[in-house]
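Listed here are the chains, written in short residue letters.
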Amino acid sequence: QVQLVESGGGLVQAGGSLRLSCAASGRTFSSSDMGWFRRAPGKEREFVSSIRRSDGTAYYADSVKGRFTISRESAENTVGLQMNRLKPEDTAVYYCVAGIRWRGTMIPDYWGQGTQVTVSS
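Residues numbered from 1 in each chain as written. Predicted model: local features only at pLDDT ≥ 70, side-chain atom pairs only at ≥ 80, totals over all residues. Heavy atoms only, no water.

Caption draft 1: Representation of the side chain of D33 within the structure. Of note, D33 is situated in strand β4 (residues 33-39). Here D33 sits buried without a salt bridge, and the closest side chain of opposite charge, R52, lies 4.8 Å off (N-O distance). Every residue in contact with D33, bar those within four places of it in the chain, is listed here: I51, R52, R53, V97, A98, G99, I100, R101 and M106. (Helix = DSSP H or I, 4+ residues; strand = E, 2+ residues; numbered from the N terminus. Buried < 20%, exposed > 50% of the residue type's maximum accessible area, 1.4 Å probe, protein only. Lys, Arg positive; Asp, Glu negative; His and termini not counted. Salt bridge = Lys/Arg side-chain N within 4 Å of Asp/Glu carboxyl O. Contact = heavy atoms within 4.5 Å.)

Caption draft 2: Here's a closer look at unusual backbone geometry. For R85, which is not glycine, the phi dihedral falls at a positive 50°. Examined against the element boundaries, R85 turns out to sit in the loop between β8 (78-83) and β9 (92-102). The class of R85 is partly exposed, set by a relative accessible area of 48%.

Caption draft 3: Expanded view of the packing of aromatic side chains. The tally for this structure, following the rule as stated, stands at 5 aromatic pairs. For the ring pair F29 and Y110, a centre distance of 5.9 Å and an interplane angle of 70° mean the geometry is edge-to-face. With a gap of 81 residues between them, F29 in the loop between β3 (18-25) and β4 and Y110 in strand β10 (residues 105-111) connect regions that are remote in the sequence. The two residues F29 and Y110 agree in class, both being buried. Taken together, the ring pairs in this structure connect F37, F47, Y59, Y95 and W111 into an aromatic cluster. One Lys or Arg, R101, reaches over the ring of Y59 and ends 3.9 Å from the middle of that ring. Taking the ring centre of W102 as reference, the NZ or CZ of R103 above it sits at 5.9 Å. (Phe/Tyr/Trp six-rings, centres within 6.5 Å; stacked < 30°, edge-to-face > 60°. Lys NZ or Arg CZ within 6 Å of the ring centre and 35° of its normal.)

Caption draft 4: Region of interest: the sheet that holds β3. One open sheet accounts for 4 strands, arranged β1-β3-β8-β7; its pairing is antiparallel. In the strand order of this sheet, the two ends are held by β1 (3-7) and β7 (68-72), each with one partner. Between one strand and the next, the sheet's axes are offset by a mean angle of 15°, whatever the strand orientation. In this structure, β3 lies alongside β8, joined through 6 bridges in antiparallel fashion. Of the residues in β8, the one forming a bridge with L18 is M83. (Pairing = 2+ DSSP bridges. Axes fitted to C-alpha atoms, helices over the stretch in contact; angles between N-to-C directions.)

Caption draft 5: Structural context of the environment of D109. Note that D109 resides in strand β10. The exposure class of D109 is partly exposed, given its relative accessible area of 45%. Separated by 10 residues in the primary sequence, D109 and G99 place their C-alpha atoms 4.7 Å from one another. Among the polar contacts listed, one links the side chain of D109 to the side chain of S31, at a separation of 2.7 Å. (Polar contact = N/O pair within 3.5 Å; in protein donor to acceptor, adjacent residues only side chain to side chain.)

Right under this line is the structure:
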């Protein structure tokens, strides 16, 4: 089975930065994209960003555009999310996802366990 493991979450003050990473392990998988969702307390799941594994084509939700940068790391099975100028409304559990881009979001094949990001005001 495919495992996605996130790291890099934590507590940061508004205006600060964090970098999340996601590493896939286990069997090879054919998902065309990797990316990130987040879920804030009391809110529904929100798409954050995605990147095409083959060529690095990136997509961002309007709420994070210009502040977050998604990137491929050392391999197609690894992805990072650089989060700058963080806002309290960015507070959420962030989930790494492997799947396919579709109409402004992703159709997930696999989910990570999530990592908490807390932004204090």
